[in-house]
Amino acid sequence: MNSIKMQNAQRSKPSLGMLLLKGRTFIALLILLIYFSFRAPNFTQWGSVVLMVKHASIYGLLALGMTMVIITGGIDLSVGAVVGFTGMIAGGLMLQGFRLPWVAGTIYPNVPMILLMVFALAVFVGFCSGQLIARLRVPAFIATLGAMYICRGAAMLRSGGATFPNLFGDAAKGNLGFDLIGSGSIPGIDVPYSIIIFIVMALVSAFIMKKTPLGNQIYAVGGNERAAALSGIKTQNVKVFVYMFSAFLAAVSGIIMTSQLRAAHPANGESWEMNAIASVVLGGTSMSGGVGSIGGTIIGILVITVLNDGMIMMGVSSFWQMVIKGVVIIVAVVIDLVQKDLQKKAALTARMK
Amino acid sequence: MQTMKASPVEEQASVMEAIGITKLYPGTVALQNVDFSVYPGKVNVLIGENGAGKSTLMKILAGIERPTEGKVLLGGHEVHFQNTREASAHGVGIIHQELNLFPEMTVADNMFAGKEMVKLGVIDRRAQAKRASEVLDRLQPGIDPNETMLNLRVGQQQIVEIAKTMLSQNLRVLIMDEPTSSLSNTEVEVLFNLIEDLKAHGIAIIYISHRLEEIIRIGDNVTILRDGQRVADAQVKDINIKWIIENMVGHANLTIEKMPYDGEHLPLMQVKNYCLPRLGGGWTVDHVNFTLHAGEVLGIYGLMGAGRTELVESLMGLHEEATGEMVLGCEQITKPTITGQIARGMVLVPEDRQRDGLVQTMSIASNLLLTSIPRFTRTGVVRNDLCKVAVDGAVKDMQIKVSDVKHLISSLSGGNQQKVVIGKCVMANARVFMMDEPSRGIDVGAKTDIFILMRRFAAQGNGVIFVGSELKEIVSVCDRVLVMSNGKLTADLSGDEITEAALVKASAANLNTGKAANTEGSIEQ
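This report concerns the structure included in the present document. What you see is a predicted model, and the numbers here were worked out from it, not measured in a lab.

### Things to note about the overall build of chain B
So, step 1. Scanning chain B for helices and strands turns up 18 helices and 24 strands.
So, step 2. For chain B, whose C-alpha radius of gyration is 25 Å, the value lies close to the compact-globule estimate of 24 Å for 525 residues.
So, step 3. Once the C-alpha set of chain B is aligned to its principal axes, its extents read approximately 70 × 50 × 45 Å.
So, step 4. When contacts within chain B are restricted to residue pairs at least 6 apart in sequence, long-range pairs at least 24 apart make up 68% of them.
So, step 5. Averaging the coordinates of the 52 positive side-chain charges in chain B and doing the same for the 63 negative ones gives two points 3 Å apart.

If you want it as structure tokens, here you go:
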């Protein structure tokens, strides 16, 4: 009786203010789009739009995995380093192949083989972080910070800090076509593969979160790990999965990046994890876990990218860009907290009646 | 609401007064319009069953929690304590049931934590030690203020906890939440002498205890809480233990129809020699043996800390250090895991609904589906239509009052939240239901609903274990009752043997104070 009354109170409540609060990131995106289309030259040209979405795709892959990790209540600081590391491994396989010391020969794997090896390696990195976090209960921040240093160091070690250039492939080595991943596009309609890959990955992520028991369990682990465990959810496996998936998406991003540049540099992806975390938070995912969505993250990615590229097109100094980005992130989280407080208060007063 | 045969408390100026206190927690009403007066130079006893709201009231008086409604007067002036430090500055001290100590720090450092004596910006350890030993010597000579806390016995630690509150020069009200629960006999005597001493100094004591003999011995005024409401108060000289028990449990009879079970009462679960070691020696669960049969509701009664919760948690596989054997169905299990136990048809409705039962960030439907969602998939994809049928079925079956299952779980009342937790277990196709205090903090209507559900599960040939601390509920719902005290099973009662007196007696057996033998005598008075 009581509960029904209060739910009615809740339902009749959504005022215009609350609606604006809830859709704030989307509204912010619209405002940014309108503002930049007037102020930034070339902002509305097809080329610029494609470029922006391409940027969004590369960063966005990291943010997709990060969303799942943060929903379980964790964090993955290693994704930027995994981008650099996987790029270097792919670049190394392209140029130097796979040395077999006992026959004094070298195998040059073809592109699908390279991808497979790189993805397996990245997933293994995620597996290790996940095991540390889930089974040994190392705080996610520390475990992935360690993984970040290890991966970045390994990327540097692979070439002694040098770049692997000219990754066009070689017919003699049988690895042609690597550069197409990042720079190719669907013939006829000028949509780059990288955007398609991102869309597919976003759909896969959203599918996992919304349509599989695993998605439900990811929310449950982040919302209340004790209750999840007592409900028979294998919380450790769920946690290990999200870090593996996050590392896999980082590898995809690393491959696209390397292929686009046609060169692998060990410092690629540096501080990208911060961009990813910012997008996730802007998208309304709670850092304390249990709440969030892939859809929200995609809007968050677009806000960050539009803000970034718009300011560049307007010619804002890169120093100011950083300051503005910082302010935007903090304001977004403050509004988020205010909204949650308001909701809680509304719920409690409704119960009092 | 109650007929009071004892005279009301004398008209004396109170030092502290709580007026119309209401406290709401998400999903629960902990206190409802409670008045409570504290008289100086008296031991003001507060009693009630587990979950009656005693601790919440204490927390409000001591500044740990703030009331949702109502006010607190101290010496006639309204006060709003924001924290315990403010309260202690006004002369209100609290000694918690659980010790709040820093084991790695010295006795003196513990006593002065947060209110260090400072000279020139540096902690004056010598002055602290001197002041600490002054206070400690008054309580129990022989505790060195420079000793590391973890080297003291639990009883001594408790004394330090008490000494902490006595550092305050202007102590007016001292709240003691079950101070004797971890003390030995001699230490209890020390404490009682101390209480007399404090009374002589005009300090008001608020005393919470489950040990009724203690209350009769040292109490002056008694206030009884039940289900968050004040039901009676009286002077101790006018009453006896029988009166207290009557008022604690209430007169309203709870009649639950015991639906018949026609099948055979085959053993569903056999537990042999189950043990859970306690940190620092001894057993939390002490060599427990019992059998649960199909078609029965088996009660496990005991005081708080008797090891009931730990027993069911161990059976569920939450405590890796537990040892013992269990036969579930026809399977022998030595190291249970939660997932494994659920697959074998065992579920636990946990004691702390908010902490262990629900995922607050999820909807009602998602909470119901937590365990069973893999069953509602086709080729790995969750089928919303199957989920909807199952969720709607559970809502109807459990009589959960909801307007929309997509709403957040926290929008429900406590009773309905509890039904969701139980519904989750039912959807997991359970055969052995272990329910730890399923009626705690929920309204009377929902309680009855839950008891009827328990009887129904049993009638369907399942086994139900009901861990409870409310006598009335245990007596009216269970077919058989095990009583636990200090980790051991002290009674196995069935049929007409299940009486409140027998339960109270057995629940006090095996306690180290050894006063339990008197309990039944007192009830007969």
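### Some points on the overall build of chain A
So, step 1. Scanning chain A from terminus to terminus reveals 15 helices and 4 strands.
So, step 2. Taken against the 2.2 N^0.38 rule, which gives 20 Å for 353 residues, the C-alpha radius of gyration of chain A at 22 Å falls within 12% of a compact globule.
So, step 3. Judged by the C-alpha coordinates and their principal axes, chain A covers about 80 × 55 × 40 Å.
So, step 4. Residues counted as buried form 49% of the 353 residues belonging to chain A.
So, step 5. Considering only contacts in chain A between residues 6 or more positions apart, those separated by 24 or more positions represent 76%.
So, step 6. For chain A, the exposed surface amounts to about 16200 Å²; the carbon and sulfur share of it is 71%.
So, step 7. Taking the average place of the 25 positive charges on the side chains of chain A and the average place of its 10 negative ones, the gap between the two points comes to 14 Å.

### Notes on the environment of Thr285(A)
Residues and elements named next belong to chain A.
So, step 1. Here Thr 285 lies in the loop between α13 (272-282) and α14 (294-314).
So, step 2. The spatial distance from the C-alpha of Thr 285 to the C-alpha of Thr 67 is 7.1 Å, given a sequence separation of 218 residues.
So, step 3. When near neighbours in sequence (up to four residues on either side) are disregarded, Thr 285 contacts Thr 67, Ile 70, Ile 71, Val 280, Val 291, Gly 292, Ser 293 and Thr 297.

### A short note on the interface of chain B and chain A
By a frequent convention, interface size equals the accessible area lost on bringing the separate parts together.
So, step 1. With 42 residues of chain B at the interface, the matching set in chain A holds 29 residues.
So, step 2. Between chain B and chain A, roughly 2900 Å² of surface is buried when both sides are summed, and carbon and sulfur atoms account for 57% of that area.
So, step 3. At the boundary of chain B with chain A, the tally comes to 1 salt bridge.
So, step 4. As a salt-bridge pair, Asp356(B) and Arg226(A) come within 2.5 Å of each other at their nearest N and O atoms.
So, step 5. Seen at the junction of chain B and chain A, the total is 7 residue pairs in polar contact (both at pLDDT 80 or more).
So, step 6. Of all the secondary structure elements, the ones that give two or more residues to the side of chain B that touches chain A are α10 (338-343), α11 (353-357), β20 (381-382) and α14 (414-427) of chain B.
So, step 7. For the side of chain B that touches chain A, the element with the highest residue contribution is α11(B), accounting for 4 residues.
So, step 8. Class assignment for the residues of the side of chain B that touches chain A results in 18 nonpolar, 18 polar and 6 charged.

### Considering the side chain of Arg152(A)
Residues and elements named next belong to chain A.
So, step 1. Structurally, the position occupied by Arg 152 is in helix α7 (residues 140-159).
So, step 2. On the basis of relative accessibility, which here comes to 12%, the residue Arg 152 falls in the buried class.
So, step 3. Excluding residues that lie within four positions of it along the chain, Arg 152 makes contacts with Gly 80, Ala 81, Gly 84, Pro 266, Ala 267, Asn 268, Gly 269 and Glu 270.

### Description of the packing of helix α4 (residues 125-139) of chain B against helix α5 (residues 154-166) of chain B
Residues and elements named next belong to chain B.
So, step 1. Interhelical geometry of α4 versus α5 gives an angle of 120 degrees and a closest axis separation of 10 Å. Considering their axes alone, α4 and α5 lie oblique with respect to each other. For the element pair α4 and α5, the recorded crossing hand is right-handed. Here Arg 131, Val 135, Leu 136, Arg 138 and Leu 139 of α4 come into contact with α5, specifically with Ile 159, Val 160, Ile 162, Ala 163 and Met 166.
So, step 2. For the contact of α4 with α5, the class distribution of residues is 8 nonpolar, no polar and 2 charged.

Scoring rules and cut-offs
- Residues numbered from 1 in each chain as written.
- Chains lettered and ligands numbered in written order.
- Predicted model: local features only at pLDDT ≥ 70, side-chain atom pairs only at ≥ 80, totals over all residues.
- Heavy atoms only, no water.
- Helix = DSSP H or I, 4+ residues; strand = E, 2+ residues; numbered from the N terminus.
- Rg over C-alpha atoms; globule rule 2.2 N^0.38 Å.
- Contact = heavy atoms within 4.5 Å.
- Lys, Arg positive; Asp, Glu negative; His and termini not counted.
- Charge placed at Lys NZ, Arg CZ, Asp CG, Glu CD.
- Buried < 20%, exposed > 50% of the residue type's maximum accessible area, 1.4 Å probe, protein only.
- Areas by Shrake-Rupley, 256 points an atom, 1.4 Å probe, with all protein chains shown as cover.
- Buried area = accessible area lost by both parts, 1.4 Å probe.
- Salt bridge = Lys/Arg side-chain N within 4 Å of Asp/Glu carboxyl O.
- Polar contact = N/O pair within 3.5 Å; in protein donor to acceptor, adjacent residues only side chain to side chain.
- Nonpolar A, V, L, I, M, F, W, Y, C, P; charged D, E, K, R; others polar.
- Axes fitted to C-alpha atoms, helices over the stretch in contact; angles between N-to-C directions.
- Parallel < 35°, antiparallel > 145°, perpendicular 65-115°, else oblique.
- Left-handed = near helix turned anticlockwise from the far one by under 90°.

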